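The chain contents come next:
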Amino acid sequence: MPKSEINARYIEETQRTVLTRKLGNDSTTYLFLKRVLDLFGAVVGLVLSSPLFFVISLLYLFGDNKGPVFFKQKRVGQGGKEFYIYKFRSMIVNAEELLKSNKVLYKKYIDNNYKLEPDEDPRITKIGRLLRKTSLDELPQFINVLKGEMSLVGPRPVIAEELMEYGEKKDLFLSARPGLTGYWAASGRSDIEYPERCNVELYYIENRSIALDIKIILQTIYSVIARKGAY
């Protein structure tokens, strides 16, 4: 979706009153149906992906990827409550320490919207690149969904430092449960950077509905197959 269209739709929709948003998007019916969808989707997702869990786990027994199967990182969830997000580990064991030890590269990481190009990131393993490119590294987040820390669809959870990108809209961003996928993730992920990412995420929060959630899930499936915006 062109940036101009995203911004226009965001500006138009955010003219609505806070009362309208609460009544339309936070109704008991919507929240109940969304949780049912989350539980159903997470259970089905874990069952269908269980063979992949087994095969991928075997890959961590060899080479530079040897070590723990899962990676967890503290993220900021709904209402500002922190939780650990789960992923298949795509980096070396001491990834964070390695990055922060290189002050030049770490500064570039911060300045570049908390990411590095895959070919210049010393933390990512060969298997990790494949997992990221295919988005298979995200599968363990079905566990976060089951635990109620995340939803199938919502704004992607951020680290504490990223909250400053939302400025005075931070509370609005934190009003929604973060998602395994979302409007930003389905629209191109790494191809859409801050501050445009903020507009996309906030647009979803202002317009969330079961119909939009289902649309985003289908769009995400397409994006994963097309490998759109995956690093």
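For the structure, check the block above.
Notes on the structure in this doc start here.

Basis of the calculations
Residues numbered from 1 in each chain as written. Predicted model: local features only at pLDDT ≥ 70, side-chain atom pairs only at ≥ 80, totals over all residues. Heavy atoms only, no water. Pairing = 2+ DSSP bridges. Helix = DSSP H or I, 4+ residues; strand = E, 2+ residues; numbered from the N terminus. Phe/Tyr/Trp six-rings, centres within 6.5 Å; stacked < 30°, edge-to-face > 60°. Buried < 20%, exposed > 50% of the residue type's maximum accessible area, 1.4 Å probe, protein only. Lys NZ or Arg CZ within 6 Å of the ring centre and 35° of its normal. Arc of directions from axis to C-beta. Contact = heavy atoms within 4.5 Å. Core = buried A, V, L, I, M, F, W, Y, C linked by side-chain atoms within 4.5 Å. Polar contact = N/O pair within 3.5 Å; in protein donor to acceptor, adjacent residues only side chain to side chain.

### Digging into the pairing of strand β1 (residues 70–76)
Regular strands place side chains that alternate from one sheet face to the opposite one.
Here's step 1: Alignment of β1 against strand β2 (residues 82–88), held across seven bridges, turns out to be antiparallel. Bridge pairing in β2 places Gln 73 opposite Ile 85.
Here's step 2: With antiparallel pairing between neighbouring strands as the criterion, β1 and β2 make up a hairpin whose turn holds five residues, including Gly 79 at a positive phi of roughly 70°.

### Some words on the packing of aromatic side chains
Two aromatic rings, taken as a pair, are described by how far apart their centres are and by the angle between their planes.
Here's step 1: Inspection of the entire model under this criterion finds seven aromatic pairs.
Here's step 2: Their ring planes at 85° and their centres at 6.2 Å tell us that Tyr 166 and Tyr 194 sit as a pair that is edge-to-face. On the criterion of sequence distance, the pair formed by Tyr 166 in the loop between β3 (151–153) and α8 (170–173) and Tyr 194 in the loop between α9 (183–186) and α10 (196–207) is long-range, its members being 28 residues apart.
Here's step 3: For Tyr 166, a relative accessible area of 4% gives the class buried.
Here's step 4: Ring geometry for Tyr 183 versus Tyr 203: centroids 5.3 Å apart, planes at 35°, classification tilted. Taken as a pair, Tyr 183 in helix α9 and Tyr 203 in helix α10 lie far apart in primary sequence, 20 residues in all.
Here's step 5: Assessed through its relative accessible area of 7%, Tyr 183 is described here as buried.
Here's step 6: By way of ring pairs, the aromatic residues Phe 53, Phe 70 and Phe 88 are connected into one cluster.
Here's step 7: The ring of Trp 184 is capped by Arg 197, whose NZ or CZ atom sits 3.8 Å from the centre of that ring.

### Some remarks on helix α6 (residues 126–133)
Since there are 3.6 residues in each turn of an α-helix, residues three or four apart along the chain are aligned in direction.
Here's step 1: Buried residues of α6: Gly 128, Leu 131 and Arg 132, and no others. Burial along α6 is one-sided: seen end-on, the buried residues are contained in an arc of 95°. Residues Lys 126 and Leu 130 are exposed on α6 and point more than 90 degrees away from its buried face.
Here's step 2: Buried residues in α6 make contact with α3 (28–58) and β2.

### Concerning the nonpolar core
Here's step 1: Counting residues in hydrophobic clusters, the biggest one holds 44 residues, and the most contacted among them are Phe 88, Phe 173, Tyr 204, Ile 205 and Ile 216.
Here's step 2: Considering every element that reaches this core, the biggest residue donor is α10, with six residues.

### Section: the side chain of Ser 187
Here's step 1: Here Ser 187 shows up in the loop between α9 and α10.
Here's step 2: A polar atom in the side chain of Ser 187 sits 2.5 Å from the backbone oxygen of Tyr 183.

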